[in-house]
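Chain residues, written in single-letter form:
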Number of protein chains: 2
Amino acid sequence: MQQEQIDHVLQQANAAFLTYKNIPAVQRASFLEAIAAGLDAAKPALVPVAMEESHLPEARLNGEVGRTSGQLRLFAALIREGSWVEAAIDTALPDRVPARPDIRKLLIPMGPVVVFGASNFPFAFSTAGGDTASALAAGCPVVIKGHPAHPQTSRRVFAIMEHAAVATGMPAHVVQHVEGGNAAGEALVKHPLTAAVGFTGSLQGGKALLQYASERKRNIPVFAEMSSVNPVVLLPDALQENAEQLAQTYAGSITLGMGQFCTNPGILLGIESEGLQRFSRTLGEAIAQVAPQPMLHEGICAAYAKGLQEKLLQPGINLLHAPADRKGKLDAQPAVVSVQADTFLQQPSLHEELFGPFSMLVVCKDKAQLLETLRALEGQLTTTVMATRKDLDAHADVLALQTSLAGRLVLNSVPTGVEVCAAMVHGGPFPATSDSRFTSVGSTAIRRWVRPFCFQGLPDELLPPALQNANPENILRLVDNVYTRDAIV
Amino acid sequence: MQQEQIDHVLQQANAAFLTYKNIPAVQRASFLEAIAAGLDAAKPALVPVAMEESHLPEARLNGEVGRTSGQLRLFAALIREGSWVEAAIDTALPDRVPARPDIRKLLIPMGPVVVFGASNFPFAFSTAGGDTASALAAGCPVVIKGHPAHPQTSRRVFAIMEHAAVATGMPAHVVQHVEGGNAAGEALVKHPLTAAVGFTGSLQGGKALLQYASERKRNIPVFAEMSSVNPVVLLPDALQENAEQLAQTYAGSITLGMGQFCTNPGILLGIESEGLQRFSRTLGEAIAQVAPQPMLHEGICAAYAKGLQEKLLQPGINLLHAPADRKGKLDAQPAVVSVQADTFLQQPSLHEELFGPFSMLVVCKDKAQLLETLRALEGQLTTTVMATRKDLDAHADVLALQTSLAGRLVLNSVPTGVEVCAAMVHGGPFPATSDSRFTSVGSTAIRRWVRPFCFQGLPDELLPPALQNANPENILRLVDNVYTRDAIV
């Protein structure tokens, strides 16, 4: 029954694809912009619903709607400009032996994309979030699996998307909305007409989707953004100069939004010193003053409480402050602990993410142990280094190791806060994501949903405009190995 | 024991990676060019060895060595030019609220790549072939799993690579050579330090590697190019005008190199007509005149003979010519058969590739059945259409369907012969490859081995040259959403 509904949805998505992929980019851009305008206009109505469902504060959700409409407009601008299709043209060489035919390539959409909404960003990583925006921009219809933690928010956002689709003349079913549990998710990933999958969530959830995908007859790409502890390296000179200020900054980053960000700094690494002791003391004091606040939903809150308990029961773990009193039943207790690197290295379970307002200070004996500890970590979305110029000069090896670990290296800031721009990488080696060659934030996120296609020997008028001699879209192209916007004459 | 050797090899590859990834691109380019020069110089000695092992003719192998050194030089030129790293820079906006940090992205190598040599191209898709050349260009050390069908050729090519590595000052173990059976292959794919895998071969072999990869703790990309029947659509007007000439052309393409190409035209599709009958008759006559020649090795020859027998025993299959006499024990019998589309649609086993000098003419009742038959096919590397201008105007729907089916669309030529250039796509939906977002031929083949990495807030002098303000490598970059080679001032 559920299975039949899912089949119907994918049949409709595939029918929409046959039309949608041929709609000119400027019209797809108008569609995205209409969704953006609809979200902005509905913000006063949407935010209270999302507050009720997610327990996130008003200011944060207002900002998130703006981020979401901004993302939609970024992808609209990208496809209006047009060079993202990576047009490459090798013109015929009839006199070469053997003769070279005319060969022209561009990126084309893959087909219906299934997007799983995330609980921690009810707007920006959910229904009309980055995965959906990038897939629609690419020319792929989207089947949205709404997150069960915010069903009303998801339905309302979807209604805005449907309205925008009609208003801008998009084909029926270019976006569809599915609600359901794990069985629906499994059926969506396994359906033969599903061309790709986007997911932001837990390691467990992401691994389940990868498993479903591996059971398919035909391989499809699954981009899952899953798990990251975002290690922060505190270098000695920076600690000596600024221990207290760094601690205040990190207390804020660790507890921002009750730590419910994939870039939350879950591990802090430093070398034993008087400065690190001051950092540790101040961090504990600062965290003790952060009031417990509600988490997204009961499941996440319970998982956090259980995970925190498990970490605290491990030998060698020291809580840096007195435990706070929880008031509401969804409240999370912010917590920072310290552990010696020797212990950390022996206990791989300590390396795992605890989603919530938690961080672990790993105290290394010396630089060699700091390097050893970094080497022991799994793939990450981000890694940060807090350093003076003197520190940087003395720790090139640390920075090199950090580069191999993650998708983004942050200097003297916090990993939380992911800018939406062309140069952003929100990705990284497993388990941060399922494929480190892609990002889920920023304009190149569109690459996940497209494949290169090559035309050999076609007459100019049968080629897509991006590949025609006249270059009617005035895009940047690689013509006979030269980047140019010039027409071919 | 085997396991320990593989572990040792990957440990060495990983140690090489730490040095190799930091070697400037111009030096990596010199290394690739030294391999190319070594191959060209050794051609007179290499080709007889490869002839002995592969039974391929001298002219073909001479050409293949040239293709191989040409590929190496193409990737050398790509990294000397440098823009392939896709540098993107979003400069800081300190006055924005919130302030935007400086964010800079480029592509970096992923780590040791395992390359499986292919039997059908002992040079161009094996030891120093396209997978290896693109991975080395990217900055990844390569562990080559030599193909057991041409061990001497592989060893000799590897010796040239090792010599080039020493001569150009590359780190020890930047290339390594492993021989062995399936167990070695499994251990290579499953080793924790393997960062990516490249494979060209059978569907069965590719699926085995994908299975091994799915059993890893950490996901890694496996690019497997596996199986394609490269459907050719013969449109009515073209047949009426040129049936005999088309048949001669295709007889040549089907039996070129005894059909041992991944782009061999294994399925021909046409609509019942007098022209198609002439095509069919002439094709049978032409194939009957092609002398059986040796295939690559006994395994492939036996598989071809068995597969051909199975196809011929299916009801509704008609051999278009008298069977030829085989002389040598490795000889393959070129064969073309015809089948009605009704039968073809009911027998999915007929859709599968038979590797060798074989093709199947599928006779459709009308255009609707032609479309139905195209829709029933799996993913392909290429698809071809033979058409007059009149045909093209009347068959836009056929061309649209072909685009969704494959990675390359060829008009009025043959799919065999894959140009090595920027616009080439040698890829396609499963089972043609494991990931249609990549190509294994042409300059963008390098993308398989790199991931984006983003630096946030780093001082100019600590950034890689590609991202420094002065743009010392004079590469094309996306700076604040504008493509430019200008320095940032």
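Please read these numbers as outputs of a predicted model, since none were measured by experiment.

A.B. asks: What should I look at first to understand the overall build of chain A in this one?
C.D. replies: Across its full length, chain A carries 14 helices and 19 strands. Across its three principal directions, the C-alpha atoms of chain A cover 75 × 55 × 40 Å. By residue count, 61% of the 489 residues in chain A fall in the buried class. Pairs at least 24 residues apart make up 76% of the contacts formed inside chain A by residues separated by at least 6 positions. Just so you have it, chain A exposes about 17,700 Å², and 55% of that area is on carbon and sulfur atoms. Of note, chain A has its 38 positive side-chain charges centred 4 Å away from the centre of its 45 negative side-chain charges.

A.B. asks: What should I look at first to understand the sheet that holds strand 7 (residues 222-225) of chain B in this one?
C.D. replies: All names here are of chain B. With parallel pairing, the 5 strands of this open sheet are ordered in space as 5-4-3-6-7. In this open sheet, the two edge strands, each paired with only one partner strand, are strand 5 (175-178) and strand 7. Sheet twist, expressed as the average angle between the axes of neighbouring strands with direction ignored, equals 15°. Pairing between strand 3 (residues 113-116) and strand 6 (residues 196-200): 4 bridges, direction parallel. By the bridge assignment for strand 6, Val114 is matched with Val197. Helix-sheet contacts for helix 4 (residues 130-138) involve strand 3, strand 4 (142-145), strand 5 and strand 6, and the interaxial angle to strand 4 is about 170°.

A.B. asks: Help me out: how do you make sense of the packing of aromatic side chains in this one?
C.D. replies: Ring pairs (aromatic) are described by centroid distance and by the angle formed between their planes. Here the structure, examined in full by the defined rule, presents 11 aromatic pairs over all chains. Ring geometry for B:Phe121 against B:Phe261: centres 5.7 Å apart, planes inclined by 50°, an arrangement best described as tilted. Of this pair, B:Phe121 sits in the loop between strand 3 and helix 4 while B:Phe261 sits in the loop between helix 8 (236-255) and strand 9 (267-271), placing them 140 residues apart in sequence. A cation over an aromatic ring shows up here: A:Arg448 above the ring of A:Phe223, its NZ or CZ 5.0 Å from the ring centre.

A.B. asks: Would you explain the domain arrangement of chain A in this entry?
C.D. replies: Accessible area lost when the parts come together is the quantity often used to give the size of an interface. Residues and elements named next belong to chain A. For chain A, the assigned domains read domain 1 (1-226 + 435-483) and domain 2 (231-411). Using C-alpha coordinates to define each centre, domain 1 is positioned 35 Å away from domain 2. Taken together, the 12 residues of domain 1 in the interface contact 12 residues of domain 2. Together, the buried faces of domain 1 and domain 2 total about 910 Å²; carbon and sulfur atoms form 63% of this surface. When residues of domain 1 are sorted by the area they lose upon contact with domain 2, His55, Asn120 and Glu225 head the list and together hold 47% of the total. Between domain 1 and domain 2 we count 0 salt bridges in total. Here domain 1 and domain 2 share 3 residue pairs in polar contact (both at pLDDT 80 or more) between them. Looking at the side of domain 1 that touches domain 2 residue by residue, the classes come out as 4 nonpolar, 5 polar and 3 charged.

A.B. asks: How should the nonpolar core be read in this particular structure?
C.D. replies: In globular proteins that are soluble, nonpolar side chains generally tend to be buried together. A:Phe31, A:Leu136, B:Phe31 and B:Leu136 are the most contacted members of the largest nonpolar core, which has 200 residues in total. Per-element tally for this core: the top contributor is helix 2 (residues 25-54) of chain A, with 10 residues. Look past the residues within four positions of B:Leu136 in its chain and what remains in contact with it is B:Tyr20, B:Arg28, B:Phe31, B:Leu32, B:Ile35, B:Pro141, B:Val142, B:Met161, B:Val174 and B:Val175.

A.B. asks: Is there a simple way to think about the side chain of B:Asp90 in this case?
C.D. replies: As for its placement among the helices and strands, B:Asp90 is situated in strand 1 (residues 88-90). Buried charge without a salt bridge: B:Asp90, with B:Arg100 as the nearest opposite-charge side chain at an N-O distance of 4.2 Å. Among the polar contacts listed, one links the side chain of B:Asp90 to the backbone nitrogen of A:Ala423, at a separation of 2.7 Å. Ignoring any residue separated from it by four or fewer positions in sequence, one finds B:Asp90 in contact with A:Cys421, A:Ala422, A:Ala423, B:Arg100, B:Pro101, B:Asp102, B:Ile103 and B:Asp480.

A.B. asks: Just checking my understanding: could you explain the confidence of the model for chain A for this structure?
C.D. replies: Any residue range with low pLDDT should be treated as having predicted coordinates unsuitable for detailed reading. For chain A, the mean per-residue pLDDT works out to 96, and 100% of the residues sit at or above 70. In the model output, the complex is listed with pTM 0.97 alongside ipTM 0.97.

A.B. asks: How should I be thinking about the pairing of strand 9 of chain B in this particular structure?
C.D. replies: Residue and element names in this part refer to chain B. Among the 5 residues of strand 9, 5 are classified as buried, and the element is accordingly described as predominantly covered. Burial of strand 9 is two-sided: the residues Ile267, Leu269 and Ile271 facing one way and the residues Leu268 and Gly270 facing the other way are all buried. Sheet topology places strand 8 (residues 232-234) next to strand 9; 3 bridges connect them, and they run parallel. Pairing of Leu234 across the sheet is with Gly270, part of strand 9. A crossover links strand 8 with its parallel partner strand 9, the connecting element being helix 8, and its sense is right-handed. Here strand 9 runs beside strand 14 (residues 358-364); their pairing, made up of 5 bridges, is parallel. Its bridge partner lying in strand 14, Leu269 is registered against Val362.

A.B. asks: I tried to follow the pairing of strand 4 of chain B on my own but got confused; where do I start?
C.D. replies: The side chains of a regular strand alternate, residue by residue, between the two faces of the sheet. Residue and element names in this part refer to chain B. Every second residue of strand 4 is oriented toward a common face, with Val142 and Ile144 on one face and Val143 and Lys145 on the other, all of them buried. In terms of strand pairing, strand 3 meets strand 4 through 4 bridges, oriented parallel. In the sheet register, Val113 faces strand 4, and the bridge partner there is Val142. The sheet contact formed by strand 4 and strand 5 spans 4 bridges and is parallel. The partner of Val142 across the bridge, within strand 5, is Val175. For the crossover that starts at strand 4, traverses helix 5 (residues 151-167) and ends in the parallel strand 5, the hand is right-handed.

A.B. asks: Explain the sheet that holds strand 6 (residues 196-200) of chain A here, please?
C.D. replies: Each strand in a sheet pairs with its neighbour through backbone hydrogen bonds, running either in the same direction (parallel) or in the opposite one (antiparallel). Residues and elements named next belong to chain A. The parallel open sheet is built from 5 strands, whose spatial order is 5-4-3-6-7. Only two strands of the sheet have a single partner each, and these edge strands are strand 5 (175-178) and strand 7 (222-225). Strand-to-strand, the axes of this sheet are offset by a mean angle of 15°, without reference to chain direction. Of the strands in this sheet, strand 3 (113-116), strand 4 (142-145), strand 5 and strand 6 are in contact with helix 4 (residues 130-138), which crosses strand 4 at around 170°. Here helix 7 (residues 203-214) sits on the sheet in contact with strand 3, strand 6 and strand 7, set at roughly 165° to strand 6.

Reading the values: rules and limits
- Residue positions are counted from 1 within each chain, in the order its sequence is given.
- Lettering for chains starts from A, numbering for ligands starts from 1, and both go in the order in which the items are written.
- Where totals are concerned, whole chains, interfaces and linings use all residues; where local detail is concerned, this predicted model gives features only for residues with pLDDT of at least 70, and gives and counts side-chain atom pairs only at 80 or more.
- Calculation of side-chain values draws on the structure's entire complement of heavy atoms; hydrogens and water are dropped beforehand.
- Under the scheme used here, helices are H or I runs from DSSP no shorter than 4 residues and strands are E runs no shorter than 2 residues, and both carry numbers assigned from the N terminus.
- The rule is simple: take the accessible area with a 1.4 Å probe, protein chains only, and divide by the maximum for that residue type; under 20% is buried, over 50% is exposed, in between is partly exposed.
- Throughout, a contact is declared for two residues whenever any of their heavy atoms are within 4.5 Å.
- Only the protein chains shown count as cover for residues, and the accessible areas themselves come from Shrake-Rupley with a 1.4 Å probe.
- A residue counts as positive if it is Lys or Arg and as negative if it is Asp or Glu; His and the chain ends are not included.
- Taken as the charge centre is NZ of Lys, CZ of Arg, CG of Asp or CD of Glu, depending on the residue.
- For two strands to count as paired, DSSP must find a minimum of two bridges between them.
- Angular values range over 0 to 180 degrees, each being the angle between N-to-C directions of two axes fitted as lines to C-alpha atoms, with helices fitted over their stretch in contact.
- Aromatic rings from Phe, Tyr and Trp, with only the six-membered ring used for Trp, were paired whenever their centres fell within 6.5 Å, and each pair was classed as stacked if the ring planes differed by under 30 degrees, edge-to-face if by over 60, and tilted otherwise.
- Any Lys NZ or Arg CZ found within 6 Å of a ring centre and within 35 degrees of that ring's normal is scored as a charge over the ring.
- These domain limits were set by an automatic method or by a database of domain assignments.
- Two parts placed together each lose some accessible area; with a 1.4 Å probe, that loss summed over both constitutes the buried area.
- The salt bridge definition used is simple: a Lys or Arg side-chain nitrogen within 4 Å of an Asp or Glu carboxyl oxygen.
- N or O atoms closer than or at 3.5 Å make up a polar contact, with two conditions inside protein: a donor-capable atom paired with an acceptor-capable one, and, for residues adjacent in sequence, both atoms drawn from side chains.
- Amino acid classes used here: Ala, Val, Leu, Ile, Met, Phe, Trp, Tyr, Cys and Pro are nonpolar; Asp, Glu, Lys and Arg are charged; the rest, including Gly, are polar.
- Nonpolar core, defined: a set of buried Ala, Val, Leu, Ile, Met, Phe, Trp, Tyr and Cys residues in which side-chain atoms within 4.5 Å join the residues together.
- The predictor attaches a confidence to each residue, and that confidence, scored 0 to 100, is pLDDT.
- Orient the strands so they point away from the viewer, and a crossover whose first-strand-to-second-strand path over the helix runs clockwise is right-handed.

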